Structure formats: structure tokens, C-alpha cells
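# Observations on the three-dimensional arrangement
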Amino acid sequence: MSVCIWNCRGVGKKGFSTLIRDLKFRFRIDVFVLLETGISGLKGDRIIKQFGFPSFFKQEAIGFSGGIWILWDDKVVKIEIILAHHQFIHTQVQHLASGKSEIITFVYRSPRRLERKNLWNELEAFSSSIQEAWLLIGDFNSILHASEKTGGSDLCWDSISDMQQSLINCKISDIGYKGPEFTWKRGKLHERLDRGCSNEEWNVLWPNRFISHLPFFNSDHRPLLLAQSGPPRPREHSKPFKFMAAWLTDQDFGRLVMKSWGSNEEWVPARNNFEKDATVWHQNVFKRNIQQKNKIYARLRGLDSYMNGRFDHSLEILQKNLWKELQAILIKEELTWFQRSRSQWLKYGDRNTRFFHSSTVARRRHNRILTLKDENGTWIADPDSLVNMAVSYYKELFTAETPDDGFFPIQGMFPSLSEGGKEKTGPLS
């Protein structure tokens with residue numbers, strides 16, 4: 001499912017309906033949300049019919065300001081309105097193909113500060129009442145960091161601080177974007193006022209959904225496109241070998257080390273053998289052990305149901321043994337996610353795997369490169385072009401001649417390795 005939200009600053013412009021239909025087709029938009037529509041009543045209904053969406057909901061404009069329209073394809077998604085407000089609409093969104101469900105709040109934050117404060121009071125109260133995946137997306141009429149503004153007058157630090165604290169109170173974070181940085185402009189003033197924010201549950205449910213900043217279309221705001229980025233690009237080279245701390249918890253690992261290391265006295269051949277054997281063992285044995293967790297849960301549920309109100313000594317022993325197996329698997333799982341999350345602490349020994357998993361997802365989302373700007377100032381998103389740009393950049397960087405200013409006179413001070421010495425060192429990793 002793809003969602004587009006846009007502060008269009010009025011829907012009555014010439015050619016507007018054609019533009020919406022074209023964007024819908026070009027970007028395969030299933031849900032289109034328009035902010036500051038400026039039109040209400042029957043006139044609004046007539047305009048909506050021209051957009052080509054079978055279902056819609058309107059939060060009417062107040063006079064000629066405000067207004068939130070939600071348009072969607074009911075063959076792709078089912079949307080139920082939880083609460084409608086002139087600054088936001090809470091919706092329950094069910095994806096018909098996958099069956100996944102989430103809460104999406106479409107936001108149009110008023111430019112008036114008192115009303116903006118009321119909005120965050122409403123959102124904070126709502127956040128404390130939900131446990132499922134939650135996304136807020138729209139025009140927040142405020143920047144989150146000083147870097148999100150260029151030009152214009154001095155920064156309003158009170159507004160930035162209010163925004164940051166409100167996100168903390170709601171337990172949500174900015175999900176980032178790809179494309180040009182600023183979403184609103186007026187003359188030389190540019191700001192990032194439009195964004196998406198989500199809680200941990202949403203990040204885990206949708207690790208590959210990203211926001212793209214589309215071009216400006218007859219409005220001072222860019223449309224935001226939320227869409228699946230697609231499956232990860234296959235790696236042309238295998239991942240570098242990485243020792244996993246959780247291996248040390250498995251009794252078979254010691255035997256694997258002795259067998260793979262063998263009687264090799266040379267470091268490089270012994271290391272290569274170990275890397276190869278450990279990789280195969282991890283795929284065939286260790287991951288299979290972790291998959292046993294679901295089977296153990298099922299057996300424990302069955303035992304619990306059968307033993308309800310009964311006592312059976314043999315089943316009690318079986319239950320304890322299953323708990324021991326489950327605990328061992330949880331320790332391995334915890335160590336795996338702990339290592340991948342780059343975390344530096346454990347939460348008082350709690351099996352807080354969900355925290356480590358969400359940390360890993362958030363880090364991967366933050367570190368993933370989806371677009372780059374080329375030397376002509378054009379944003380490039382094609383994966384092959386991105387690879388070529390990166391390779392070309394570093395080739396030029398590391399082959400460029402460095403001027404010899406005599407400040408670091410180290411050339412010729414170190415002996416060169418012989419060909420035999422180079423072979424003994426093996427590949428660097």
C-alpha cells in the first residue's frame with residue numbers, strides 16, 4: 001500500500017483534478033490525503049468524484065481554511081475513522097492483501113501556536129491508550145532540528161523544543177525521508193515542515209517503508225509519498241564474516257572449532273577453514289535451534305491446557321525441560337539481537353529482545369542509502385546508478401594525487417612487503 005499526503009493549499013485550482021489522477025497513476029497511490037482543501041459541502045463532493053477513488057472521508061474546512069480529505073481504494077485497503085478533528089484524523093487501516101493492521105493519524109497542525117499545543121495534548125492522550133503500530137504523517141507546521149531550516153529570520157527555539165518533547169511524550173520518532181531536504185518554501189525561506197513519525201511497533205511491522213519527498217506541484221508544500229521500498233537489493237558480494245557471541249552458548253560450537261581449526265599451523269588457512277565451517281554451521285544448526293522456539297511454545301500451551309487442574313509428575317518434568325530449552329534459545333536470541341543492535345547495556349537481565357530488534361530496525365532504516373545527488377544536482381534513486389556513483393567517488397578520492405607539502409614526510413620510511421609476505425597476511429576484513 002502506498003500513501004500520499006499533501007498540503008495542496010486548495011483543491012479548486014485549474015487542472016488540479018487531472019494532476020491528482022496523474023499522481024495516482026504514476027506513483028500507484030492507494031490512499032491520497034489532501035490538507036488545507038479550503039472547500040466544503042456538495043462542491044467538495046463533486047470535486048472528489050473527479051479524482052477516481054471509490055471511497056473517501058472529509059473533515060470539512062472552517063470557512064476557507066483547513067480541511068482534511070482522505071481518499072482510498074477500497075479494493076486494496078479498509079479504513080475506519082476512529083476520531084476526526086480539524087487538526088487530525090485517527091484511522092484504523094487494514095491491508096486487505098496481507099491482513100496487517102495499523103493506526104495512521106493524518107495531521108494538519110495549525111499555524112496558530114495555542115491550537116498547536118492543543119493538538120499535542122490530544123495526541124499524547126491518544127498515544128497512552130494504544131499498543132499497536134502507529135504512524136503520524138502530515139504537515140506539522142514546525143521543524144524538529146535547527147538544520148531543517150535555511151533562510152528567513154532567527155530560529156524559534158521554543159517551538160523546536162516543544163516539538164521534540166511532544167515526540168518523546170508520545171513515544172514516537174521521525175522515520176526520515178529520501179529526496180530533497182525541505183518540504184516547504186517561501187522565497188528564500190525553506191523548511192522541513194512535513195514528516196512522518198512512528199512508534200516502535202510500526203518500525204518493526206514495516207521495516208522497509210520509507211517517505212519520499214516528491215517535487216513541488218503548484219503549492220508551497222511538497223507531497224509526501226509513503227511506500228514500500230521493495231525487497232533489499234541482492235548483494236553482489238557475500239557479507240563479511242562476523243563472529244556471533246551467541247555461538248558460545250551452544251555445546252556443539254567447541255567441537256566445531258576443534259574440527260575446523262584442525263592441525264593447521266598457518267594462520268590464514270586455519271582462519272579461512274573456520275569461517276567457512278562456522279558460516280555453514282550457523283545456517284544449518286544455529287538458526288534451526290532458534291526456530292524451535294515456536295514449537296516449544298506450542299508444546300507448552302498444549303501441556304498447560306491438558307494439565308489444567310491435574311497433576312502428572314512425568315508431565316511436570318517435561319514442562320520443566322521445555323522451559324530449560326526455551327530459556328537457552330532466548331539467551332541465544334537475546335545475544336544475537338544485542339550484538340546486531342550495537343547496544344552497550346542490558347536492561348537488568350530482562351529478555352528484552354523486542355527492544356534490540358526495534359533498535360536494529362531503526363538503525364538499518366537510518367543507515368540505508370536510497371538516493372544520492374549527482375554532480376549536476378540531480379537526485380538519483382536507481383540502485384545500479386547509486387553503486388556506480390559510490391564506486392566512482394571513492395576511486396577518484398583514493399587515486400587523486402596528494403600534494404607533498406612536507407608536513408608529514410613519511411614516504412619511504414616504511415619497508416615494502418615482499419610478495420610472499422603479502423600472501424601470508426591474507427585479505428583484510
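Keep in mind it's a predicted model, so treat the numbers as computed, not measured.

## A closer look at the packing of helix 3 (residues 113-127) against helix 4 (residues 157-170)
What describes two packed helices is the angle between their axes and the distance between those same axes. Helix 4 packs onto helix 3 with a crossing angle of 15° between their chain directions and a minimal axis gap of 9 Å. It follows from the interaxial angle that helix 3 and helix 4 lie roughly parallel. As for the relative orientation of helix 3 and helix 4, their crossing is left-handed in sense. Listed contacts from helix 4 to Arg 113, Arg 116, Trp 120, Leu 123, Glu 124 and Ser 127 of helix 3 are Asp 158, Ser 159, Asp 162, Met 163, Ser 166, Leu 167, Asn 169 and Cys 170. Looking at the contact of helix 3 with helix 4, its residues break down into five nonpolar, four polar and five charged.

## Quick word on the confidence of the model for the protein chain
Of the residues in the protein chain, 78% have a pLDDT of 70 or more, and the chain-wide mean is 79. Counting contacts from residues 344-351, a segment whose pLDDT is below 50, to residues more than four positions away or on other chains yields 14 contacts. Confidence drops under a pLDDT of 50 for residues 405-411, and excluding neighbours within four residues, the segment shows zero contacts in the predicted structure.

## What about the sheet that holds strand 9 (residues 149-150)?
Within the open sheet, the three strands sit side by side as 9-12-11. Their pairing is antiparallel. What marks the edges here is a single partner per strand, and that holds for strand 9 and strand 11 (184-186). Inspection of the sheet shows strand 11 paired to strand 12 (residues 189-191) by three bridges, in the antiparallel sense. In the strand pairing of strand 12, Arg 186 is matched with Leu 189.

## Some details on the sheet that holds strand 15 (residues 224-228)
Spatially, six strands are ordered 3-4-2-1-15-14 in an open sheet, and the strand pairing comes out mixed. Only two strands of the sheet have a single partner each, and these edge strands are strand 3 (55-59) and strand 14 (209-213). On average, each strand axis in the sheet is inclined to that of its neighbour by 15°, with strand direction left out of account. The sheet contact formed by strand 14 and strand 15 spans five bridges and is antiparallel. Its bridge partner being in strand 15, Ser 212 is matched across the sheet by Leu 225. In this fold helix 1 (residues 16-26) packs onto strand 1 (3-7) and strand 2 (31-35), with an angle of close to 145° to the strand it touches most, strand 2. Across the sheet, helix 2 (residues 41-49) lies against strand 3 and strand 4 (68-72), angled at about 150° from strand 3, the strand it touches most.

## Concerning helix 1
For helix 1, the full list of buried residues reads Phe 16, Ser 17, Ile 20 and Leu 23. For helix 1, the arc enclosing every buried residue in end-on projection is 130°, short of the 170-degree limit, so these residues lie on one face. Across from the buried face of helix 1, at angles greater than 90 degrees, the exposed residues are Phe 25 and Arg 26.

## So, the pattern of salt bridges
Opposite charge on two side chains allows them to pair when their charged atoms are near. Under the defined criterion, the tally for this structure stands at 14 salt bridges. A salt bridge links Lys 58 to Glu 60, with the shortest nitrogen-to-oxygen separation between them at 3.2 Å. Residue Glu 60 is classed as partly exposed on the basis of its relative accessible area of 32%. Salt-bridge contacts for Arg 209 lead to Glu 102; the nearest nitrogen and oxygen are separated by 2.9 Å. One end of the pair, Arg 209, is in strand 14; the other, Glu 102, is in strand 7 (residues 101-108), and 107 residues separate them in sequence. The exposure class assigned to Glu 102 is buried, which follows from its relative accessible area of 0%. One salt-bridge network, held together by shared partners, links Arg 9, Glu 36, Arg 186 and Asp 220.

The rules behind each value
Residues numbered from 1 in each chain as written. Predicted model: local features only at pLDDT ≥ 70, side-chain atom pairs only at ≥ 80, totals over all residues. Heavy atoms only, no water. Axes fitted to C-alpha atoms, helices over the stretch in contact; angles between N-to-C directions. Helix = DSSP H or I, 4+ residues; strand = E, 2+ residues; numbered from the N terminus. Parallel < 35°, antiparallel > 145°, perpendicular 65-115°, else oblique. Left-handed = near helix turned anticlockwise from the far one by under 90°. Contact = heavy atoms within 4.5 Å. Nonpolar A, V, L, I, M, F, W, Y, C, P; charged D, E, K, R; others polar. pLDDT = per-residue confidence, 0-100. Pairing = 2+ DSSP bridges. Buried < 20%, exposed > 50% of the residue type's maximum accessible area, 1.4 Å probe, protein only. Arc of directions from axis to C-beta. Salt bridge = Lys/Arg side-chain N within 4 Å of Asp/Glu carboxyl O.

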